[in-house]
Amino acid sequence: MTTLEYRECKTEHDINLVSELADEIWHEYFPAIITNEQIDYMLQRFQSKDAITSQIEKEGYKYFALLFDENIIGYYAVHKENGNMFLSKLYLRKDMRHKGFASKMFKEVKRLARREGCELIWLTVNKDNSHAISVYKHLGMTLMREQQADIGEGFVMDDYVFGIMI
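Procedures and definitions
- Residues numbered from 1 in each chain as written.
- Predicted model: local features only at pLDDT ≥ 70, side-chain atom pairs only at ≥ 80, totals over all residues.
- Heavy atoms only, no water.
- Buried < 20%, exposed > 50% of the residue type's maximum accessible area, 1.4 Å probe, protein only.
- Helix = DSSP H or I, 4+ residues; strand = E, 2+ residues; numbered from the N terminus.
- Arc of directions from axis to C-beta.
- Contact = heavy atoms within 4.5 Å.
- Phe/Tyr/Trp six-rings, centres within 6.5 Å; stacked < 30°, edge-to-face > 60°.
- Expected span 1.5 Å × (residues − 1).
- Lys, Arg positive; Asp, Glu negative; His and termini not counted.
- Salt bridge = Lys/Arg side-chain N within 4 Å of Asp/Glu carboxyl O.
- Polar contact = N/O pair within 3.5 Å; in protein donor to acceptor, adjacent residues only side chain to side chain.
- Core = buried A, V, L, I, M, F, W, Y, C linked by side-chain atoms within 4.5 Å.
- Axes fitted to C-alpha atoms, helices over the stretch in contact; angles between N-to-C directions.
- Parallel < 35°, antiparallel > 145°, perpendicular 65-115°, else oblique.
- Left-handed = near helix turned anticlockwise from the far one by under 90°.
- Nonpolar A, V, L, I, M, F, W, Y, C, P; charged D, E, K, R; others polar.

Trainee: Explain helix α3 (residues 49–59) here, please?
Mentor: Turn by turn, an α-helix covers 3.6 residues, leaving residues three or four places apart pointing in a common direction. Turning to α3, its buried residues number three or more, namely A51, I52 and Q55. Summarising the axial view, the buried residues of α3 lie within an arc of 100°, below the 170-degree limit, and thus occupy one face. Facing away from the buried side of α3 by more than 90 degrees, the exposed set consists of D50, E57 and K58. On its buried face, α3 is in contact with α1 (12–29), α2 (36–47), β2 (62–68) and β4 (84–92).

Trainee: I keep staring at the packing of aromatic side chains and nothing clicks. Help me out?
Mentor: Think of a pair of aromatic rings as described by two things: how far the centres are apart, and how the planes are tilted against each other in angle. Tallied over the full model, the rule gives eleven aromatic pairs. Three or more aromatic residues joined by ring pairs form one cluster here, namely W26, Y29, F30, Y75 and Y91.

Trainee: Is there a simple way to explain helix α4 (residues 101–115) in this structure?
Mentor: End to end, α4 covers 21 Å across 15 residues, agreeing with the expected 21 Å (1.5 Å per residue, within 8%). Every buried residue belonging to α4 is among F101, A102, M105, F106, E108, V109, L112 and A113, and all of these are buried. In a view along the axis of α4, the buried residues occupy a sector of 155°, so they form one face of it. Across from the buried face of α4, at angles greater than 90 degrees, the exposed residues are K107 and R115. One or two positions beyond α4, positive phi appears at G117, with a value near 80°.

Trainee: Explanation requested: the side chain of K89 in the structure shown.
Mentor: Counting through the fold element by element, K89 comes out in strand β4. For the buried residue K89, which engages in no salt bridge, the nearest side chain bearing the opposite charge is E59, 8.6 Å off. Engagement of the side chain of K89 in a polar contact is seen with the side chain of S88, the distance being 2.7 Å. Leaving out residues up to four positions away in the same chain, K89 has contacts with F46, Q47, Q55, Y63, Y75, Y76 and A77.

Trainee: How do you make sense of the nonpolar core when you look at a structure like this?
Mentor: Generally speaking, soluble globular proteins have nonpolar side chains that are buried together. V18, W26, F30, I34, Y63 and Y75 are the most contacted members of the largest nonpolar core, which has 30 residues in total. Looking at this core, the elements with two or more residues in it are α1, α2, β2, β3 (71–81), β4, β5 (120–126) and β7 (155–165). Top element by residues in this core is α1. It accounts for seven residues. In this structure, V78, L90, M105 and L112 belong to the second largest nonpolar core, which totals 28 residues.

Trainee: Help me out: how do you make sense of the side chain of E108 in this one?
Mentor: For E108, the location among the structural elements is in helix α4. A distance of 2.9 Å separates polar atoms of two side chains, one belonging to E108 and the other to R111.

Trainee: Got a minute to help me understand the environment of L66 in this structure?
Mentor: Here L66 shows up in strand β2. The class of L66 is buried, set by a relative accessible area of 0%. Expressed as a C-alpha distance, the spacing of L66 and V109, which sit 43 residues apart in the sequence, is 12 Å. Dropping the residues within four chain positions of it, L66 is found in contact with L4, E5, Y6, N71, I72, I73, G74, Y75, L92, F101 and M105.

Trainee: Please explain the packing of α1 against α3 as it appears in this structure.
Mentor: A pair of packed helices can be characterised by two numbers: the angle between their axes and the separation between those axes. The interhelical angle for the contact between α1 and α3, taken along N-to-C directions, is 125°, at an axis separation of 9 Å. Taken together, α1 and α3 sit at an angle that is classed as oblique. Our pair here, α1 against α3, has a crossing hand that is right-handed. The residues of α3 that touch α1, namely those facing E12, I15, N16, V18 and S19, are K49, I52, T53 and I56. A class-by-class count of the residues in the contact of α1 with α3 yields four nonpolar, three polar and two charged.

Dropping the structure here:
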């Protein structure tokens with residue numbers, strides 16, 4: 001019997017699991033979209049153990065590990081902003097993609113957003129990330145706008161902003 005569990009990351013162990021998985025996924029997935037230098041920079045700045053810990057403790061982010069038969073296969077992170085839910089991260093291991101897990105994770109995000117009283121879930125996605133864009137459209141999200149963000153060290157995130165009313 002297989003089990004699927006969403007576990008909020010509150011311990012150093014869980015945060016380490018997510019950070020290690022982020023490193024694996026980003027180095028596998030993003031070289032076709034951004035440079036290795038930007039991958040390393042963004043991992044250190046946004047997905048390292050220290051960065052995740054700070055986001056949880058100081059900025060109000062919630063990280064959730066997706067466990068399948070007690071093994072981490074993905075994670076997502078959310079942050080309530082101005083009454084809306086920002087879906088900051090949603091990632092799956094390569095061997096777990098195309099199996100419906102992203103949809104299951106998104107249902108959990110929607111459930112949490114409703115519980116928090118949010119009316120909108122929104123996210124940013126790299127304009128060249130066609131796979132993720134197709135997933136978000138499949139989940140019912142629509143393009144709201146485009147944005148660019150200077151993230152330091154000469155790197156810029158050139159994104160679409162997608163959203164869905166819930």
